[in-house]
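An overview of the molecular structure
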Amino acid sequence: MLDRLSPQNLRILALFVVLGLVLAFFATQVDNYFNARLFNRISASVAIMALIATAQTLVILTRNIDLSIGSVVGFTAFATGAMVAANPGISPLLLVAYAMAVGAGFGVVNGLLVAYARVPAIIVTLATMAIFRSLLVEFADGKSITSQKLPAWLTDYPNTVLFSLAGVEFRAAFMTSVVVVALVHLALTRLRPARKLYAVGSNPEAAEMAGINQRAVVFTAFVLAGALAGLGGFMFLARFGNITVVAGLGFELKSVAAAVVGGVNIFGGSGTVAGALIGAILVDLIDTSLVRWPLVSEFWREAVLGALILTAVAVDAILMRRLIAWRLRREKARNAARAAAEAQA
Amino acid sequence: MTILKPLLGWEGFLLAVLIAIIAANAALSPQFLTLSNQINLFQLSIEKIIVALVMTFVIINAEIDLSVASMMGLSACAFGWFFQQGVDPVAAIGLCLLIGVAGGAFNGWFIARVGLPSLVVTLATLIGFRGLARVLVEDRGVSGFPQWFGDLGQKGLIGPVPFALIAFAVLFVALFVLLQRTGFGRKTYVIGTNRDVADYAGIDTGRHKMIIFMMSGLVSAFAGLLFAARVGAVRGDVAQGFELDVITMVLLGGVSIFGGAGSLMGTLLAILIVLNLRNGMALVNITGHIQTGVVGLLLIGSVLVPRINLSALRRRPQKEAT
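This text gives an overview of the structure that appears in the document. A quick note: this is a predicted structure, and the numbers were derived from the prediction, not measured.

Calculation notes
- Residues numbered from 1 in each chain as written.
- Chains lettered and ligands numbered in written order.
- Predicted model: local features only at pLDDT ≥ 70, side-chain atom pairs only at ≥ 80, totals over all residues.
- Heavy atoms only, no water.
- Core = buried A, V, L, I, M, F, W, Y, C linked by side-chain atoms within 4.5 Å.
- Buried < 20%, exposed > 50% of the residue type's maximum accessible area, 1.4 Å probe, protein only.
- Helix = DSSP H or I, 4+ residues; strand = E, 2+ residues; numbered from the N terminus.
- Phe/Tyr/Trp six-rings, centres within 6.5 Å; stacked < 30°, edge-to-face > 60°.
- Lys NZ or Arg CZ within 6 Å of the ring centre and 35° of its normal.
- Axes fitted to C-alpha atoms, helices over the stretch in contact; angles between N-to-C directions.
- Parallel < 35°, antiparallel > 145°, perpendicular 65-115°, else oblique.
- Contact = heavy atoms within 4.5 Å.
- Nonpolar A, V, L, I, M, F, W, Y, C, P; charged D, E, K, R; others polar.
- Pairing = 2+ DSSP bridges.
- 1 Å grid on protein atoms, 1.4 Å probe; cavity = no way out; pocket = protein on both sides within 12 Å on 5 of 7 lines; lining within 4 Å.
- Points joined across faces, edges and corners; volume = space filled by probe spheres on them.
- Salt bridge = Lys/Arg side-chain N within 4 Å of Asp/Glu carboxyl O.
- Buried area = accessible area lost by both parts, 1.4 Å probe.
- Polar contact = N/O pair within 3.5 Å; in protein donor to acceptor, adjacent residues only side chain to side chain.
- Expected span 1.5 Å × (residues − 1).

**What about the nonpolar core?**
- Counting 211 residues, the largest nonpolar core has A:Leu188 and B:Phe168 as its most contacted members.
- Among the elements that line this core, the one with the most residues is helix H2 (residues 36-61) of chain A, at 15 residues.

**Concerning the environment of A:Gly105**
Residue and element names in this part refer to chain A.
- You can see Gly-105 is positioned in helix H4 (residues 92-116).
- Here Gly-105 falls in the partly exposed class, since its relative accessible area comes to 32%.
- In the structure, Gly-105 is positioned 126 residues away from Leu-231 in sequence and 13 Å away in space, judged by C-alpha atoms.

**A look at the packing of aromatic side chains**
- Tallied over the full model, the rule gives 28 aromatic pairs over all chains.
- Ring plane angle 75° and centroid distance 5.8 Å describe the contact between A:Phe236 and A:Phe251, whose orientation is recorded as edge-to-face. Placement of the pair is A:Phe236 in helix H10 (residues 214-240) and A:Phe251 in helix H11 (residues 251-261), with a sequence separation of 15 residues. Comparing A:Phe236 with A:Phe251, the two get one shared label, buried.
- Through successive ring pairs, a cluster of aromatic residues spans A:Phe25, A:Phe26, A:Tyr33, A:Phe34 and A:Trp293.
- The residue whose ring lies beneath B:Lys48 is B:Phe242, and the NZ or CZ to ring-centre distance is 4.5 Å.

**Topic: the packing of helix H8 (residues 163-181) of chain B against helix H13 (residues 264-283) of chain B**
Residues and elements named next belong to chain B.
- Contact pair H8 / H13: the axes reach a minimum separation of 10 Å and the direction vectors enclose 150°. Taken together, the axis directions place H8 and H13 in an arrangement best described as roughly antiparallel. Only Leu-264, Met-265, Leu-268 and Ile-271 of H13 make contact with H8, whose side of the interface consists of Phe-168, Phe-172, Leu-175, Phe-176, Leu-179 and Gln-180.
- Tallied by class, the residues present in the contact of H8 with H13 amount to 9 nonpolar, 1 polar and no charged.

**Describing the pairing of strand E2 (residues 168-171) of chain A**
Residue and element names in this part refer to chain A.
- Inspection of the sheet shows strand E1 (residues 161-165) paired to E2 by 4 bridges, in the antiparallel sense. Residue pairing across strands places Ser-164 opposite Glu-169, the latter belonging to E2.
- In sequence, E1 turns back onto E2 through a hairpin of 2 residues, with Ala-166 there showing a positive phi of about 55°.

**Things to note about the layout of surface pockets**
- The volume enclosed by the second largest pocket comes to roughly 1400 Å³.
- If you list the elements that add at least two residues to the lining of the second largest pocket, you get H4, helix H5 (121-140), helix H9 (204-209) and H10 of chain A together with helix H6 (118-137) and helix H9 (183-193) of chain B.

**Side note on the pattern of salt bridges**
- Inspection of every chain in the model, using the stated rule, returns 10 salt bridges over all chains.
- Between A:Glu302 and B:Arg134 there is a salt bridge whose closest N-O contact spans 2.4 Å. Placement of the pair is A:Glu302 in helix H13 (residues 301-344) and B:Arg134 in helix H6, with the two residues belonging to separate chains.
- Where B:Arg140 meets B:Glu138, a salt bridge forms, and the shortest distance between an N and an O atom there is 3.7 Å.
- Each of B:Lys48, B:Asp245 and B:Arg278 takes part in a single network of salt bridges with overlapping partners.

**Concerning the interface of chain A and chain B**
- Contact with chain A, which involves 39 residues of that partner, is made by 40 residues of chain B.
- At the boundary of chain A with chain B, total buried surface from both sides reaches about 3400 Å², with 85% on carbon and sulfur atoms.
- The largest per-residue losses of area from chain A upon contact with chain B belong to A:Phe299, A:Glu302 and A:Leu310, which jointly make up 20% of the total buried on that side.
- In this structure, the connection of chain A to chain B is made through 2 residue pairs in polar contact (both at pLDDT 80 or more).
- Elements with a contribution of two residues or more to the side of chain A that touches chain B: H5, H11 and H13 of chain A.
- The residue makeup of the side of chain A that touches chain B, split by class, is 30 nonpolar, 4 polar and 5 charged.

**Let's talk about H5(A)**
Residues and elements named next belong to chain A.
- Given a rise of 1.5 Å per residue, 20 residues ought to cover 28 Å, and the 27 Å separating the end C-alpha atoms of H5 matches this to within 8%.
- Of all the 20 residues making up H5, 17 are buried; the element is thus mostly covered by neighbouring parts of the structure.
- Within two residues after H5, Asp-141 carries a phi angle of roughly 55°, on the positive side.

**What about empty space enclosed by the protein?**
- Across all of its chains, the model carries 1 cavity of 30 Å³ or more by this definition.
- A:Ile65, A:Leu67, A:Ile122, A:Leu126, A:Leu253, A:Val256, B:Ile64, B:Leu66, B:Leu119, B:Leu123, B:Leu244 and B:Ile247 together form the lining of the largest cavity.
- Of all the secondary-structure elements, those providing two or more residues to the lining of the largest cavity are H5 and H11 of chain A together with H6 and helix H12 (242-252) of chain B.
- Here the lining of the largest cavity is built from residues that sort into 12 nonpolar, no polar and no charged.

Below is the structure:
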C-alpha cells in the first residue's frame, strides 16, 4: 500500500487516523464525550471554517496567500445582513449570490494586484486586509447588524435539521458546506482547467511553457477564493445574526492553519481541499474537546493548538522525506534485480 | 555606488513622502511640532517600531516571523506571573528575556534544522506563544508593578525622553552597524539572496538563521516588557495583532519580501512615515481601522509606483531600437 497510494491520499488517510485517535483519546478522558452536542457544535463552526479553509487552499495551491480573507468574511457578512434587512422579501438564492458576488469583487482586487500588477501576494493581502476592514468600518458607519433585523428563514437556516443518523443531526449549513467543499475537491482532482492551479503552483515557468496563462490562473484563484469567502460570510451572518465591524477578525490565520494541518504545502503545488476540510475539523475538534477535558484548564487551548500545528507539519515533512527516499531505494533495487535477471537470460 | 543608486532613489522617495506628511501635519495642527507630541508619537507605538528593526533582519534573510507579537504578549505575561509569584522584578526581567531567546531558538530550530517554512512554524508559535501567555495569566489582569518599573515606561529618563525611545535609538545604531558594516550583516543579505549559494560558499546558514530568530525572540521579549512598563498592567491579549503592523512597516521601508534586499535606513523612514501619518490622522479625528486602511493603501502604492516607473524606463530604449 505504501508504494501505491499517492502522497495526497496517504495524507488524507493519515489525517483520518489522527482524527480517530483524537476522538478515542478524549472519549477515555471525558465522560459522555460522544453526544449530539459535540457533533452539533463542531459542525456549526466547521460549516464556516471549511469554506474559508477551502478558499485559502485554492490560493495557496498557486504559491500565493490570502491574508484578507477574514476582512472579506466580515464585510460580506455585514453587507449581506444590511441587504436583507433593507429588503426582507429578497429570495434566499439571490442573497447568497449577492454575498458571493461581493466576496468575488474583493477577490478581483486582490487578483488584479497579484496576477497583473505582480505585487507579491503577502504584501497585497496584508494591505487589503486593512483596507477591506476599513471599508467595512466606513460602510457600517457605527451601526451593527442584529438578529432582530434578519428574516426568520435566515436565522433558522443553520439549525434546520436535514436528516438525522443514529441520533446525530445533520444540519443545513454544515451539509451545504460539505457539498460545496466536495464539489471543489472533485473539480480540483478531475477537471482539466482546475488542474492548472497545481501546474502553476508546482512550477510557474513550466506551466507557462506548457501554454497555461499563469496570470489568468492566479487571478481566477483569488476570485474564487473571494466568492467562497463571501459564502463563508453568508454562513457567518446566518449563524451569529449579530455582526459588528470585527466580524471574521483572525480568520486569515485560522484558515492558513487548517489548510496546513490538512497537508497543503505552503509553497504551492500540492495539497487537497479534502485535506483542508479534515484539517479544519481536526483544529475545531481539539479546540472544543480541550474545553471539556477536566485535566487541563481551558486556557491551554491555544498552546496545545500551536503545538499540534507544528507537530503535524514537522511529522508530515519528515515522513514524506522518508517515504520518497524509501520509494527511490525500492525502485533502484527492483531495477537492479531486473538488470541482473536480464543479464542471466 | 552604482549598486546603491536605486536604494538611494527608494529612500529619497520615502524621505519626500515623510517631509510631505510632516508639512501637512504641521499645517493642520499647531500642536504637531511640539516636543511632547513628537515624543508621544513614538511612545504610542514604541514596541512595534523596536520589533520592526529586528524584523528587517528576518525578512532580508528571506524568512518571516509571525510570532513576534505573541512573544511580546508571552514576555509581558511571564513578567506579570513572576511578579505575582514574588520573584524579584530585576530577576524577572532577566527571565523574560531568556524566554525570548528560548522561544526564538525554538522557532529557529524548526526552521533551520528541521527545514520547515518559517511562515508555518511562526504561525504555529503565534498561536502557541499566545496560548502560553494565557496559561500564565488566564483571564486575569496583573498590575501593581513597582514604581520604578512604571516610571521607566512612562516618565522621561533624560529630560522628557523616555527610556524606551533611548533604547530604540541605541538599538537602531547597533543593528545598523551590525547589518550594514559587519560580516554578519553581509551574510544576512547573501543568505537572503540565495541560500544554496551561501551554503556552497561555506556559510553555516542554519546557524545564521538560528541566531537571527533568537535575536527576534529576544527583542520581542524586550518590547513586551516595555509594553508592560508603559501600560502598567498585562493581560493575555497584550500586543495581539501587532505582527502585521510590524511587517507592514518593514515592507514599506523597501525590504524585499523575497529577501536579499532592503536596509535599516528604509525601515526607519517607513517607521517615521507610519507614525506621522497615524498621528496626523488622529489629529483630524480619523479612527484606528481607517488609519490602518490608509497605511495599507500606502503599502500597495509603495510597491506599485516604483514598478510603473521601471517598466516605463524599460520600454523606452526598445522603441529607439526599432
